[in-house]
Amino acid sequence: MSALIIFTLLLVLMLTGMPISISLGLTVLTFLFTMTEVPIEAVALKLFTGIEKFEIMAIPFFILAGNFLTHGGVARRMINFASSMVGHWHGGLGLAGVIACALFAAVSGSSPACVVAIGSILLPAMVKQGFPRDFGAGVITTSGALGILIPPSIAMVMYSVATNTSVGQLFMAGVIPGLMLASLLGLTTWYRARKFGYPRLPKASLRQRLHAFRESMWGLFLIVVVIGGIYTGIFTPTEAAAMSAVYAFIVAVFVYKDLTLKQVPKVLLDSASMSAMLLYIITNAVLFSFLMTSEGIPQAMAGWLIDAGLGPIAFLLVVNIILLLAGNVMEPASIVLIFAPILFPVAVALGIDPVHFGILIVVNMEVGMCHPPVGLNLYVASGITKMGITELTVAVWPWLLTMLAFLVLVTYVPMVSLWLPKTLGMM
């Protein structure tokens, strides 16, 4: 009964057009003060202790690093490097876009940042070279989603906060799925370009490739700093985030000199604004999770599903359906923070590995970012391409189907996610 009241209240508030973070907070406060005896002090305390986690500090640092790199010309150099390597293949610039998105994902941790940084440079170049606008938009919108799967990933940090799973294990678990999805999206791009006879670039010489690599080397080295530092135990994921922010600042301002010191305050303000928005969502989601736990809803749900004889295979199918439906009306941060605490206890009770479950949720978030009505990447890509959401939805379909096929693979083959962290002795 409590669950029905809570979710009805949340749905009604969301249908009024209220932001999800405020809907969550109001739902919790309304229920606690009218239906329970929980003192107001407990709510205030939970607001502070809920975000008093070391891992959460990684979020503003990764956002800051991503913003420095977006403004600092790193994306352009990554595109040049990718083009020199695969530009002569069918749909060369499209393939370069997929690789550049994968590389930029490995330094930014954010999907929209990936779409903006790579899309704003690559899409005009693709149209100029003779590619249809919808082909370029489809490539960039879906490849940009790699930003939350290839570590470092802000979505993984949020899952870690919601479920107390190791961020380091999640980051390592995201490497193989991230590379596999990038390869599959590249294969789809290559196949369609070959089928429709889209243009190719002249083959770059070894000298041109080495020059492109040298130009992009400083940006690419950040991948080594973050992943290498976490794996070798030199620093924690949160410390890696702080290191990446400092490194990105030095590279953008003093090495590439694409960003002047006068522009730095604006980058800091933009990053602070985005961080505040995410932390506000996290705070309200933590309150919502507290309400769920205090009412015993996740435990009751776990008991009900196990008693119903729902095994791991059926449960994972149900989870995918729930998350894909949620992706229609909510953005990734809210989905992770609302559904992870509810579904996680059931997954653990059914013997599903927490790290595998986290990667599955992140891949679902990627799919959600690329389809309407709330697909964040669609809106970002729409701003760059000047295409309508309906037009973009049609454009992304071939790549979206590839992502859905990959989701099935990740769901039912846990070793895709778990092989690397287990091989490295992290699990």
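Calculation rules
- Residues numbered from 1 in each chain as written.
- Predicted model: local features only at pLDDT ≥ 70, side-chain atom pairs only at ≥ 80, totals over all residues.
- Heavy atoms only, no water.
- UniProt positions renumbered as here; feature names shortened; annotations may be inferred.
- Patch = residues over 30% accessible without salt bridge, like charges linked within 9 Å, V, L, I, M, F, W, Y side chains within 5 Å.
- Areas by Shrake-Rupley, 256 points an atom, 1.4 Å probe, with all protein chains shown as cover.
- Salt bridge = Lys/Arg side-chain N within 4 Å of Asp/Glu carboxyl O.
- Helix = DSSP H or I, 4+ residues; strand = E, 2+ residues; numbered from the N terminus.
- Buried < 20%, exposed > 50% of the residue type's maximum accessible area, 1.4 Å probe, protein only.
- Expected span 1.5 Å × (residues − 1).
- Bend = angle between axes of the 7 residues up to and from the residue.
- Contact = heavy atoms within 4.5 Å.
- Polar contact = N/O pair within 3.5 Å; in protein donor to acceptor, adjacent residues only side chain to side chain.
- Axes fitted to C-alpha atoms, helices over the stretch in contact; angles between N-to-C directions.
- Parallel < 35°, antiparallel > 145°, perpendicular 65-115°, else oblique.

- The name an unreviewed UniProt entry assigns to the protein chain is TRAP transporter large permease protein, from the organism Vogesella margarita.
- Quoted straight from UniProt, the Subcellular location (unreviewed entry) entry for the protein chain says "Cell inner membrane".
- A UniProt comment under Subunit (unreviewed entry) is attached to the protein chain, and it reads "The complex comprises the extracytoplasmic solute receptor protein and the two transmembrane proteins."

**Looking at a nonpolar patch on the surface**
1) Next: Together, Ile313, Leu317, Ile321, Leu325, Val408, Leu409, Tyr412, Val413, Met415 and Trp419 make up a nonpolar patch on the protein surface, roughly 930 Å² of accessible area in all.
2) Next: When residues of the nonpolar patch are traced back to their parent elements, those giving at least two are helix 15 (312–326), helix 19 (389–412) and helix 20 (415–423).
3) Next: Position of Leu325 relative to the elements: it lies in helix 15.
4) Next: In this structure Leu325 comes out as exposed when scored by relative accessible area, which is 54%.

**Notes on helix 19**
1) Next: Between its first and last C-alpha, helix 19 extends 32 Å over 24 residues, near the 34 Å set by a 1.5 Å rise per residue.
2) Next: Taken as a whole, helix 19 carries its principal kink of about 55 degrees at Trp397; the proline Pro398 stands between one and four residues after it.
3) Next: Among all positions in helix 19, only Leu392, Thr393, Ala395, Val396, Trp399, Leu400, Thr402, Met403, Phe406, Leu407, Val410 and Thr411 are buried.
4) Next: Check the buried side of helix 19 and you find it contacts helix 8 (133–143), helix 10 (167–196), helix 15, helix 17 (354–368), helix 18 (376–385) and helix 20.

**Examining helix 9 (residues 154–163)**
1) Next: With nine of its 10 residues buried, helix 9 lies for the most part within the structure.
2) Next: The secondary structure elements touched by the buried residues of helix 9 are helix 4 (58–71), helix 10, helix 13 (264–294), helix 16 (332–349) and helix 17.
3) Next: For helix 9, the side-chain oxygen to backbone nitrogen distance between the N-cap and Ala155 is 3.3 Å, and the N-cap itself is Ser153.
4) Next: Following helix 9 by one or two positions, Asn164 adopts a phi angle in the positive range, close to 60 degrees.

**A closer look at the packing of helix 17 against helix 19**
1) Next: Two numbers describe how helix 17 lies on helix 19: the axes approach to 10 Å, and their chain directions differ by 170 degrees. The angle between the axes of helix 17 and helix 19 places the two elements in the roughly antiparallel class. On helix 19, the residues touching His356, Ile359, Leu360, Val363, Asn364, Glu366 and Val367 of helix 17 are Leu400, Met403, Leu404, Phe406, Leu407, Val410 and Thr411.

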